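Notes for the structure review
Next come the chains, spelled out residue by residue.
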Amino acid sequence: MKFLNIEDEMKYFQKMFVLRREIEDFLFEEGYINIEPSIFEGYDEFIEINSRINKKSTVKVLDNNSEILILTPDITTGIVNKFLPRWEYGQKLKIFYYGKTYKHNGTGIKENREMGVEIIGEKNSNTDQYILSAARRIISRYSDEYLLEIGNSKFLKGIMQSCSFNKENYDNVMELLYSKNRQELKEYLSGLPFRDVMSTLLNILDLEGTFDEIMEQLDGLYLNDLMKQGIEELRQIDNEMKNTDHRVSYDLSMVSELSYYDGIILRGYIKGSNKEIIRGGRYDSFTKQYGQNIPAIGFKVELDELIKVLYKEEQK
Ligand SMILES: N[C@@H](Cc1c[nH]c[nH+]1)C(=O)O
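Note that the coordinates shown come from a computational prediction; the quantities given were computed from them, not determined experimentally.

The contact between helix H9 (residues 211-218) and helix H10 (residues 225-241) brings their axes to 11 Å, and the two run at 150°. Our classification of the angle between H9 and H10 gives roughly antiparallel. Where H9 crosses over H10, the two elements pack in a sense that is left-handed. Together, Phe211, Met215 and Leu218 of H9 and Ile231, Leu234, Arg235 and Asp238 of H10 make up the contact between the two elements. Looking at the contact of H9 with H10 residue by residue, the class counts come to 5 nonpolar, no polar and 2 charged.

This is the structure in C-alpha cells:
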C-alpha cells in the first residue's frame, strides 16, 4: 500500500499490529503452537512440488555454493520440508505462524504478509470441520459480509484422470479452469477426442452454489469413483454446516495455483475486495514424498488484503 503521508502509514502499521495480535491470540487460545518459518527454499525442490507456479515470479538468491535458493512464495511447502523428514509415527502438530511470501510482479518484488495455520498428523471427521470453523471465526470477526467457498480437488483430479490428456492439453485445460474462461474451455475441448467424462468437464464451471444446487446440476453427468469421493466429502461438510451458516458456497471447478491440494480447498472473501482473504486446503499426498502419507490441512489469512479492506472501510 502507498501512503501520501507518514501519519497515515503509522496508522496502517498500528492496525496491522493489532490485527496480527488478535489472530495470534485466537489461535494460541485454540491450542496452536507458534513457529517461525524460514524465508528460504531450494529452487529446484520448490518447482518440482509446485509445478503450476510461475517460475519467473520466484525471487532467486545464490548461497555460498552457488546453489539457487528462492525467497519463499509459499510457507506451507517450507513447513512440510522442515518437519516431514523427521516425522515420528503418531505425531501431531497444530501450528500457526506469521510470515512473508515473495514474488516478482513485473515491476518489482512483492512482499505479502500472512498468518498461517496447519494441522499435520491428524485426520478424523472433525479435522476438516475444525479448520473450516477456525477460518470462519477469523473472517467473520472482520466482516459480517463474508463468503467461504469450498471445493474439493479430488473432483477435478477424477475428471482429469478419466480424460487422460497429454501434458500440454492438461496444462491448458487447468489454465482455462483457473481463469474460469467458459467460452474458451468449450472451444478448446471441442478440438479434443471425446470421452464420456467431458460431459462433466464442459459443465464444470456451472457446478457451484449450494450443495443441493450442485447435486441438481450433476444429475445425468458422468462421475467416476474419485469424483464421487470428492462430492461425498463435501456432502459431509455440508451436513455439518447446514443451518449454521448461509455464508458458505461450493465450487467444484476450484483450481489452486498450488498443486499440492488433495481434498477440500477453501477460500474466504469479504465485501470490499474481490481477492482472497483466506485460502487453504488439505494436502495429505504432499507429505508422501517423505515416504509417509501424513494427513495435513491448513489455511492462511492474507493480512495485507484484509487490512486494506478494513482501512478503506474506516476511511468512509
Ligand atoms: N500456503 C497456502 C495456504 C495453506 C496453508 N495450509 C494449506 N494451505 C497458500 O499460500 O495459499
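This part is about unusual backbone geometry. Comment: phi is negative for the bulk of residues other than glycine, and the bulk of peptide bonds are trans. In this structure, Ser66 takes a positive phi of about 60° despite not being glycine. Judged by relative accessible area, which is 54%, Ser66 ranks as exposed. The phi torsion at Lys180 lies on the positive side, around 50°, for a residue other than glycine. Exposure remark for Lys180: the relative accessible area of 37% places this residue in the partly exposed category.

What follows covers the sheet that holds strand S4 (residues 68-71). Spatial ordering of the open sheet is given by S2-S4-S3, a layout of 3 strands whose pairing is antiparallel. Both outer strands of the open sheet, strand S2 (40-42) and strand S3 (59-62), are each paired with one neighbouring strand and no more. For this sheet, the mean angle separating the axes of adjacent strands, direction not counted, is 45°. Pairing of S3 with S4 involves 4 bridges; the strand directions are antiparallel. Opposite Val59, over in S4, you have Leu71 as the bridge partner.

A separate point is the pairing of strand S6 (residues 109-120). Most of S6 is tucked away, with 9 of its 12 residues classed as buried. As paired elements, strand S5 (residues 93-104) and S6 share 12 bridges and run antiparallel to each other. Residue pairing across strands places Thr101 opposite Asn112, the latter belonging to S6. With antiparallel pairing between neighbouring strands as the criterion, S5 and S6 make up a hairpin whose turn holds 4 residues, including Gly106 at a positive phi of roughly 95°. In the sheet, S6 pairs with strand S12 (residues 296-302) via 7 bridges, with the strands oriented antiparallel. Bridging from a neighbouring strand, Glu118 pairs with Gly298 of S12.

With respect to spatial proximity, 13 residues lie near the ligand, and among them Asp74, Thr76, Glu118, Tyr261 and Arg279 are the closest. A distance of 2.6 Å separates a nitrogen atom of the ligand from a polar atom in the side chain of Tyr261. Contacts to the ligand include Gly298, whose backbone N or O atom sits 3.4 Å from a nitrogen atom. Breaking the shell around the ligand down by element, the ones donating at least two residues are strand S11 (278-282) and S12. Considered class by class, the residues forming the shell around the ligand number 5 nonpolar, 4 polar and 4 charged.

This next bit is on the pattern of salt bridges. Using the criterion set out here, one finds 22 salt bridges in the structure. Where Lys15 meets Glu314, a salt bridge forms, and the shortest distance between an N and an O atom there is 3.1 Å. With Lys15 in helix H1 (residues 6-29) and Glu314 in helix H11 (residues 303-315), this pair connects stretches of sequence that are 299 residues apart. Overall, Lys15 belongs to the partly exposed group, its relative accessible area being 23%.

Definitions and cut-offs
Position labels on residues start from 1 in each chain and follow its written sequence. Given that this is a predicted model, residues contribute local features only at a pLDDT of at least 70 and side-chain atom pairs are listed and counted only at 80 or more, while totals for whole chains, interfaces and linings are drawn from all residues. Side-chain numbers come from the whole structure's heavy atoms, not from hydrogens or water. Axis definition: a line fitted to C-alpha atoms, over the contacting stretch in the case of helices. Angles run 0 to 180 degrees between N-to-C directions. In this text, helices come from DSSP runs of H or I with a minimum length of four residues, and strands from runs of E with a minimum of two, each type numbered from the N-terminal end. By the definition adopted for this analysis, an angle is roughly parallel if under 35 degrees, roughly antiparallel if over 145, roughly perpendicular if from 65 to 115, and oblique otherwise. Here a crossing is taken to be left-handed if its near helix is turned anticlockwise relative to the far helix by less than a right angle, and right-handed if that turn runs clockwise. Throughout, a contact is declared for two residues whenever any of their heavy atoms are within 4.5 Å. All residues other than Ala, Val, Leu, Ile, Met, Phe, Trp, Tyr, Cys, Pro, Asp, Glu, Lys and Arg, Gly among them, are scored as polar; the first ten of these are nonpolar and the last four charged. Each residue's exposure class comes from its accessible area (1.4 Å probe, protein chains only) as a fraction of the maximum for that residue type: buried when under 20%, exposed when over 50%, partly exposed otherwise. A pair of strands counts as paired when DSSP detects no fewer than two bridges linking them. Throughout this document, a residue counts as near a molecule or strand when at least one of its heavy atoms sits within 4 Å of that molecule or strand. Pairing of N or O atoms within 3.5 Å defines a polar contact, subject to two protein rules: one partner must be a possible hydrogen donor and the other a possible acceptor, and residues neighboring in sequence count only if both atoms are side-chain atoms. The working definition used for a salt bridge is a side-chain nitrogen of Lys or Arg within 4 Å of a carboxyl oxygen of Asp or Glu.

Geometric descriptors of this kind do not, in isolation, establish any biological role.
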